[in-house]
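Overview (structure and organization)
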Amino acid sequence: MAGGSEWNKKALKEVWRRAENSLCADCGKPDPDWASSTLGVFICLSCSGIHRNIPSISKVKSLKMDHWDDAQVQFLAKHGNAVTKAIYEAHIPIYYYQPTYNDCQVLREQWIRAKYERKEFTEPGKQLPYSDGLKEGILWKRGRDNGQFLPRKFLLSEREGCLKYFTKQDAKEPKINVKIDVINATFQPEKIGNPNGLQITYLKDNKTRNIFVYHESGKEVVDWFNAIRSVQFHYLKVAFPIASDNEIKNRLTRNFLKEGYMEKTGPKQREAFKKRWFTLDHRRLMYFKDPLDAFAKGEVFVGSRENGYSVQKGLPSGTQGNFSWHYGITIVTPDREYLFTCETETDQLEWIRAFTSVINQAMTPQEYASKCLGAVSFPS
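Below: a short report on this structure. (Residues numbered from 1 in each chain as written. Predicted model: local features only at pLDDT ≥ 70, side-chain atom pairs only at ≥ 80, totals over all residues. Heavy atoms only, no water.)

**Details of helix H3 (residues 70-78)**
Within H3 the residues assigned to the buried category are Gln72, Val73 and Leu76. The buried residues of H3 occupy one face: seen down the axis, they fall within an arc of 100°. Turned more than 90 degrees off the buried face of H3, the exposed positions are Ala71 and Lys78. Its buried side turned inward, H3 meets helix H1 (6-16), strand E1 (34-36), strand E2 (42-43), strand E3 (60-62) and helix H4 (80-88). Backbone nitrogen of Ala71 and a side-chain oxygen of the N-cap are separated by 3.2 Å at the start of H3; the cap is Asp69. Backbone geometry just downstream of H3 places Gly80 in the positive-phi region, at approximately 80°. (Buried < 20%, exposed > 50% of the residue type's maximum accessible area, 1.4 Å probe, protein only. Helix = DSSP H or I, 4+ residues; strand = E, 2+ residues; numbered from the N terminus. Arc of directions from axis to C-beta. Contact = heavy atoms within 4.5 Å. Polar contact = N/O pair within 3.5 Å; in protein donor to acceptor, adjacent residues only side chain to side chain.)

**Thoughts on the pattern of salt bridges**
Per the stated rule, a full pass over the model turns up 19 salt bridges. Taking the shortest distance from any N to any O, the salt bridge between Arg144 and Asp145 comes out at 3.7 Å. Residue classification places Arg144 among the partly exposed positions, given a relative accessible area of 48%. For Asp145, a relative accessible area of 69% corresponds to the exposed category. Overlapping salt bridges bring together Asp26, Lys85, Glu89 and Lys115 as one network. (Salt bridge = Lys/Arg side-chain N within 4 Å of Asp/Glu carboxyl O.)

**What to know about the sheet that holds strand E5 (residues 149-157)**
If you trace the 7 strands from one edge of the open sheet to the other, you get E7-E6-E5-E4-E10-E9-E8, paired in antiparallel fashion. At either end of the open sheet lies a strand with only one pairing partner, and these are strand E7 (176-179) and strand E8 (183-187). In this sheet, adjacent strand axes meet at a mean angle of 35° when their direction is disregarded. Relative to E7, strand E6 (residues 162-166) runs antiparallel, the two sharing 4 bridges. Bridge pairing in E7 places Lys164 opposite Asn177. (Pairing = 2+ DSSP bridges. Axes fitted to C-alpha atoms, helices over the stretch in contact; angles between N-to-C directions.)

Keep in mind that these numbers describe shape and distance, not what the molecule does.
Here you go:
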C-alpha cells in the first residue's frame, strides 16, 4: 500500500480484512490482494488480469503496491464483495457453471465478462443465449480416425432431449443423436491444444465415447457448455420431479477426478507394463493409447470400500511384468487386482488420493446398476 496518508492505509486495510473480502469475488481463491476501483470487488492476481482486459468496465490496482486515494478507499468501503455480488450475481440460473480458481482461463474469463460486461445476471427472467432450450451452430470437431479438426453443425434440443451433430451443413440425418442424460462436458484446453477446447463424452452401449471440439470464440464455447447444462437440468427436473434443484444441479456436467499417464499390465500380471493415458470419471477408470482417442481400450468399475474395493500403495511382492516406472499402485476389487505404475511419487500419491475419494463413497442404486451392466476389465 505505497503512498497515501496513514489514515488512508489503515482504512484500506480494514476494508480488505472484512470476512466478505477474504476470497476472490470471481473465483473464490483465498487472500485476494487486488481490487477493482470501479466495481468495488476484491480479486486475485489471475482474475485481475482478466479485469484488465475490460478497462471500460473495471480498473484494477494492487492492494499492496499501488496508491489508493481517499475517494477510492471510500468506494471500496461502501461496496466490497458482498454488495457487488448482490448486484451482479442476483439472478444466476441454477444450472450456470460458476468456475473456481482451479478452472481454465476461458471459463473464468467468460464468467467475469458475463457478470460485469454483459450483465447477464442483474435482471430476473433475462433471455440468455443458453437458456431457451435450443442451440444450433458450428463447432470444430476432431475426426475420430484422422485427427483433423473440421467444422461440423451441432444441434442441442431440450424438446427432443438430445444433442446431434451433422457431417454436412445440409444433411438431414445426424451422424450421432445422443440423449442428453448420458452426456458429460468438460473443458480440456491442454489436452485438445486449444484454449477453448471442450470434451463431450457420452455412454454408448455402456462404453464411453469422446468427442473433442472447440470454437474460435470463448463466449460461444462457454455458451454451448452452459446450454448443455440448462437442457440437462430441465430434462432431469421432469425425470425426477421430487428432487431438489440442488440435487439436480449436482448431477449435471462434472470434471474428471484425475487424468494422466500410468503404466499398466494385463490380467495375468506377467505381461510387460505399457504406458497408457488414464481418466478417472467418478467410478469409471478408463485407459486410452492416446489422450484424444474416441473410445477407451478398457474400463474398470471402481466400487466402494464396503463392497470389497481398496487401493494400496505399491505392487504385490513378486510382480513379474517388466516396468520402467517404479511408483506402484494396486487396485483391489472383488474379482481381481489391477496393477499400475507412476513416473513420480507425486503422481502416485495424487492417483491414490483420487481412488480413495471414490472408494470411500457409498454406492448409489444407479451405480449398482452400472456395475451390473459392466464396465469392462482391462484386456491384456
